[in-house]
Amino acid sequence: MVHLVYCDDKSKELNKILDGSKTMKDMYCSLFGIPVAGATLPVMAFLLLGIYGRNIFLIVSTIILGIGHIGIHLNHKREAD
């Protein structure tokens, strides 16, 4: 299984992954102050792609997706805390 780690202390997170003690709370670390980076960064990538390509359909779709996707992950983070 592949785990993406967005936390400052990578060695601590790697040890948690290897010994199986990684919890849901560990999956929602921030990256450079961006909360739930695993949800926010992909949405931002598609938004920038839509702006770059001047594709209004992609921009609107990404905004709708982003509201739901980031919102769900913020709720999961809140439940984990």
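Residues numbered from 1 in each chain as written. Predicted model: local features only at pLDDT ≥ 70, side-chain atom pairs only at ≥ 80, totals over all residues. Heavy atoms only, no water.

Asks: Mind showing me how you'd approach the overall build of the chain here?
Replies: When helices and strands are counted, the chain shows three helices and zero strands. Along its sequence from the N terminus, the chain presents helices and strands in the succession α-α-α. Across the 81 residues of the chain, 20% fall into the buried class. Partitioning the intrachain contacts of the chain with sequence separation of at least 6 by distance along the chain shows that 41% fall at a separation of at least 24. Carbon and sulfur atoms make up 67% of the accessible area of the chain, which amounts to about 6000 Å² in all. (Helix = DSSP H or I, 4+ residues; strand = E, 2+ residues; numbered from the N terminus. Buried < 20%, exposed > 50% of the residue type's maximum accessible area, 1.4 Å probe, protein only. Contact = heavy atoms within 4.5 Å. Areas by Shrake-Rupley, 256 points an atom, 1.4 Å probe, with all protein chains shown as cover.)

Asks: Just to check I follow, could you spell out a nonpolar patch on the surface for this structure?
Replies: Taken together, I56, F57, V60 and I64 make up a surface patch of nonpolar side chains, about 460 Å² in accessible area. The exposed category is assigned to I64, whose relative accessible area is 58%. (Patch = residues over 30% accessible without salt bridge, like charges linked within 9 Å, V, L, I, M, F, W, Y side chains within 5 Å. Salt bridge = Lys/Arg side-chain N within 4 Å of Asp/Glu carboxyl O.)

Asks: Help me understand the packing of helix α2 (residues 37-53) against helix α3 (residues 56-80) in this model?
Replies: Each pair of packed helices can be summarised by the angle the axes make with each other and by the distance between the axes. In the contact formed by α2 and α3, the axes pass within 9 Å of each other and the chain directions differ by 175°. Comparing their axes, α3 and α2 come out roughly antiparallel. Side by side, α2 and α3 meet where A39, T40, V43, F46, L47, L49, G50 and I51 of the first sit next to L58, I59, T62, I63, G66, H69, I70 and H73 of the second. In the contact of α2 with α3, the residues fall into ten nonpolar, six polar and no charged. (Axes fitted to C-alpha atoms, helices over the stretch in contact; angles between N-to-C directions. Parallel < 35°, antiparallel > 145°, perpendicular 65-115°, else oblique. Nonpolar A, V, L, I, M, F, W, Y, C, P; charged D, E, K, R; others polar.)

Asks: Whenever I open this one, α2 confuses me. Can you help?
Replies: Note on helix geometry: an α-helix contains 3.6 residues per turn, so any two residues three or four positions apart are oriented the same way. Between its terminal C-alpha atoms α2 stretches 24 Å, which fits the 24 Å expected from 17 residues at 1.5 Å a residue. For α2, every residue scored as buried is listed here: A37, A39, T40, V43, L47 and G50. The arc that holds every buried residue of α2, seen down its axis, measures 160°, which confines them to one face. Turned more than 90 degrees away from the buried face of α2 sit L48 and Y52, all of them exposed. Lining the buried residues of α2 we find α3. One or two positions beyond α2, positive phi appears at R54, with a value near 55°. (Expected span 1.5 Å × (residues − 1). Arc of directions from axis to C-beta.)

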